Amino acid sequence: MFSHKIITATILGVVAVSSVPSTAQNTFEVQSSIEVQANDLDLSSEAGQRTLDMRLTDAVRKVCGPNRPVRELGARQNQLQCAADARQSFKEQRRIAISNAQSAERMAVREARSSNAG
């Protein structure tokens, strides 16, 4: 049997994106990934999910750059596309991690009820 703490300790999200920084003369593609830790969060709670979302947003900023005005239109478009690709890359992992945490929480409640009843 897995406890809720063990399940959340194994959750790890990865943001993997292609960022395309642009310079006046050159355009090049860079693959980046950042690990986002979630083992200290209770993803079955809204507070834990909000904290995870903040960490994922920070990871997107680290990979794609901060959301600031960029003078060169092409660079800004690349930055926005990078952020959209990053969010898409971890969307399913986030959903699965939260679903697993919520399932573990439900299982723990059922087990507690059955041991109290029996």
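Here the structure is a predicted model, which means the values were calculated and not measured.

As a packed pair, helix α2 (residues 46–64) and helix α3 (residues 73–117) sit with axes 10 Å apart at the nearest point and diverge in direction by 155°. With respect to α3, the axis of α2 lies roughly antiparallel. Helix-helix and strand crossings are classified by hand; for α2 and α3 the assignment is right-handed. Counted together, Q49, L52, D53, L56, V60, V63 and C64 of α2 and Q79, C82, A83, A86, R87, F90, R94, I98 and Q102 of α3 form the full contact between these two elements.

So, on to the environment of L52. Checked against the element boundaries, L52 lands in helix α2. Considered as a pair, L52 and V36 are 16 residues apart in the sequence and their alpha carbons are 8.2 Å apart. Residues in contact with L52, not counting those within four places in the same chain, are V36, A38, L41, L43 and R94.

The next point concerns the confidence of the model for the protein. Put simply, the protein has an average pLDDT of 74, and 69% of its residues get 70 or more. Within the protein, α2 carries the highest mean pLDDT (91), whereas helix α1 (residues 4–9) carries the lowest (31). Contacts for the low-pLDDT stretch residues 1–27, under 50 throughout, to residues beyond four places or in other chains number 77 contacts.

Quick look at the state of the cysteines now. Using the criterion set out here, one finds 1 disulfide in the structure. With its sulfur 2.0 Å from that of its partner, C64 forms a disulfide with C82. Torsion about the S-S bond of the C64 and C82 cystine: about -75°, corresponding to left-handed handedness. Taken together, the residues C64 in helix α2 and C82 in helix α3 connect sequence positions 18 residues apart.

Let's shift gears to the nonpolar core. Counting residues in each nonpolar core, the largest one holds 17 residues, and the members touching the most others are L43, L52, V60 and C64. Every element with two or more residues in this core is listed here: α2 and α3. By residue number, the principal contributor to this core is α3, which donates 7 residues. Contacts of V60, omitting those with residues within four sequence positions, involve G65, A83, A86, R87 and F90.

Definitions and cut-offs
Residues numbered from 1 in each chain as written. Predicted model: local features only at pLDDT ≥ 70, side-chain atom pairs only at ≥ 80, totals over all residues. Heavy atoms only, no water. Axes fitted to C-alpha atoms, helices over the stretch in contact; angles between N-to-C directions. Helix = DSSP H or I, 4+ residues; strand = E, 2+ residues; numbered from the N terminus. Parallel < 35°, antiparallel > 145°, perpendicular 65-115°, else oblique. Left-handed = near helix turned anticlockwise from the far one by under 90°. Contact = heavy atoms within 4.5 Å. pLDDT = per-residue confidence, 0-100. Disulfide = S-S within 2.5 Å. Core = buried A, V, L, I, M, F, W, Y, C linked by side-chain atoms within 4.5 Å. Buried < 20%, exposed > 50% of the residue type's maximum accessible area, 1.4 Å probe, protein only.

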